[in-house]
Amino acid sequence: MKQIIESGKTAIGIEFGSTRIKAVMVDLDGKPIAEGGHGWENQYENGVWTYSLDMIWDGLRDAYAGLVEDVKQKYGATLKTTSAIGFSAMMHGYMAFDKDENLLVPFRTWRNTITEQAAAELTKEFGFNIPQRWSIAHLHQAVLNKESHVGDITFFTTLAGYIHWMLTGEKVLGIGDASGMFPIDSRTRNYNEEYLDKYDALISGYGFDWKIRDILPKVLVAGEAAGTLTPEGAAKLDPTGNLEAGIPLCPPEGDAGTGMVATNSVAVRTGNVSAGTSVFAMVVMEHALKEVHEEIDVVTTPVGDDVAMVHCNNCTSDINAWAEIFRQFAEKIGADIDTNKLYTTLFNVALEGAPDCGGVNGFNYFSGEPVTGFDEGRPVVVRNINADFSLANFMRHNLYAAVSTLKYGLDILIKDEGIEFDKLYGHGGYFKTKEVGQRIMSAATGGPITVMETAGEGGAWGIAILALFLERSKDMSLSEYLNDIIFAGQEGVTVTASPEEVAGFDEYMKVFTGILPVEKEAINNLK
């Protein structure tokens, strides 16, 4: 293995998640052989969720250094080169730069729900749903707010696009990530020309020097060359000087695209659910949506096929908060419990709860949730006076609450639009405890949920696979590569909820939708 690593017969993927930056090295068969990581949290500053540039670069270098150390400890090898590198990150958000490459305002992440006016105006103008977290919504809100920096913009991009640009000099973006900046035409595999023209006409009265085409990154599909690591980029990533320049990079992608790759769900009629800090479900569509739904985004796979996405800002944060309460209680009574046992116990006890949670309900909203119409969030637990308020029902409610807003959107996609899927794959921390997350998600979607052996590798592994695909794209499609090479022989574990569990979740949702005004009052009165 040492010789394989030092000769560069590997690939590296690095993904910026909401709470962790993860670096993964794989061999040429896609098998993970080393990793590194760095924990981080977004900051709420001046009304904006953000990560500073120092946090971004310090985190990236620390994650990469962890990978280098893992390689050294396991194999006695010094990491100097690799066959390809890929970067991915949380989609959407807003990073705008001037002609001198200065960041004009602090990075506005996907989590911000401050673009309601812009998103509504663009949705109406295009006849296409533009969610609040999309990059074009952030740009247009800055225009509407008459922010002084807008006239100085020469380029804006996503977090993955920024990292890639700084390391290669190339202002490009993978089509999946680009589809969260501005609508894509899946026929041309590029930005929608009609909407580009409409946007320029919409802002023509502001007198900006730029046109929208001029400041967007160039769109690339999976397998296309996206530049090489420059000497300056190599030094920025690895200050020790060991990493060599000239390494090819694949198009930078968003976490949605890497999730599709990591779960082998890039083909039509496949889908996946990613459940962690946020939760989103994606289905590769065989036909277009009949209507515009604000609850449903249309993005693309890394090769440009249309994907219906239901994205919710909140998932496991409230579960984590309650787990911390139980940890503190255990500490107070002198019980020493490790984190894995704590979560496994709480998740498993949830399956002992009633299918409808016994009268316990509520909201897990730490931040705004546009799918149900909220710009802010307040975690709330409610119950009937005659509810069976047991630990089992309480924890089952917490797992339901984590995906109830997702179900709210999926019901529109499945029941109203008739979008069908053959397979739905799960990945993310929600599925870490065996069977539990799958069973709850199956109750929410009404169909089987499959978790692959590789699902735990996540988006960093997914972008590493896209880096490997750079070389194989001359011979086969991405779907063929995943089916025939990467996932060959893998079946995964499939769990299907019982009819009683599906009916129980439906009952829970009737109460959930009925008490939405409770969440509204909590937001209005808890300032």
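Cut-offs used in this document
- Residues numbered from 1 in each chain as written.
- Predicted model: local features only at pLDDT ≥ 70, side-chain atom pairs only at ≥ 80, totals over all residues.
- Heavy atoms only, no water.
- Helix = DSSP H or I, 4+ residues; strand = E, 2+ residues; numbered from the N terminus.
- Rg over C-alpha atoms; globule rule 2.2 N^0.38 Å.
- Buried < 20%, exposed > 50% of the residue type's maximum accessible area, 1.4 Å probe, protein only.
- Contact = heavy atoms within 4.5 Å.
- Pairing = 2+ DSSP bridges.
- Phe/Tyr/Trp six-rings, centres within 6.5 Å; stacked < 30°, edge-to-face > 60°.
- Lys NZ or Arg CZ within 6 Å of the ring centre and 35° of its normal.

As a further point, take the overall build of the chain. Broken down by element type, the chain carries 18 helices and 22 strands. Taking 527 residues into account, the globule formula puts the C-alpha radius of gyration at 24 Å, and the chain, at 23 Å, falls close to it. Projected onto its principal axes, the C-alpha coordinates of the chain cover approximately 65 × 60 × 45 Å. Of all 527 residues assigned to the chain, the portion counted as buried reaches 57%. For the chain, contacts bridging at least 24 residues in sequence account for 72% of all contacts bridging at least 6.

This paragraph deals with the environment of serine 479. Within the secondary structure layout, serine 479 lies in helix α16 (residues 478–486). Judged by its relative accessible area of 22%, serine 479 falls in the partly exposed class. Sequence separation between serine 479 and valine 268 is 211 residues, and the spatial gap between their C-alpha atoms is 9.8 Å. Among residues more than four places away in sequence, those in contact with serine 479 are Val266 and Ala267.

A few words on the environment of alanine 350. Inspection of the secondary structure puts alanine 350 in helix α12 (residues 339–350). Put simply, alanine 350 and leucine 466 are 116 residues apart on the chain and 37 Å apart in space, counted from C-alpha to C-alpha.

Attention now moves to the pairing of strand β1 (residues 10–16). Judged by how many residues are buried, β1 sits mostly within the fold: seven of seven residues are covered. Where burial is concerned, the two faces of β1 agree: the one with Thr10, Ile12, Ile14 and Phe16 and the one with Ala11, Gly13 and Glu15 are both buried. Here seven bridges tie β1 to strand β2 (residues 20–27), and the two strands are oriented antiparallel to one another. The residue bridging isoleucine 12 from the neighbouring strand is methionine 25, located in β2.

Tallied over the full model, the rule gives 28 aromatic pairs. Taken together, a centroid distance of 5.8 Å and an interplanar angle of 65° make the contact between tryptophan 57 and tyrosine 162 edge-to-face. Residue tryptophan 57 is located in helix α2 (residues 53–75), and its partner tyrosine 162 is located in helix α5 (residues 159–168); the two are separated by 105 residues in the primary sequence. Joined through ring pairs, the aromatic side chains of Phe126, Phe128, Trp134, Phe182, Tyr191 and Tyr195 make up one cluster. Positioned above the aromatic ring of tryptophan 57 is the side chain of lysine 236, whose terminal nitrogen or guanidinium carbon lies 4.5 Å from the ring centre. The ring of phenylalanine 505 carries lysine 407 above its face, with NZ or CZ at 5.9 Å from the centroid.

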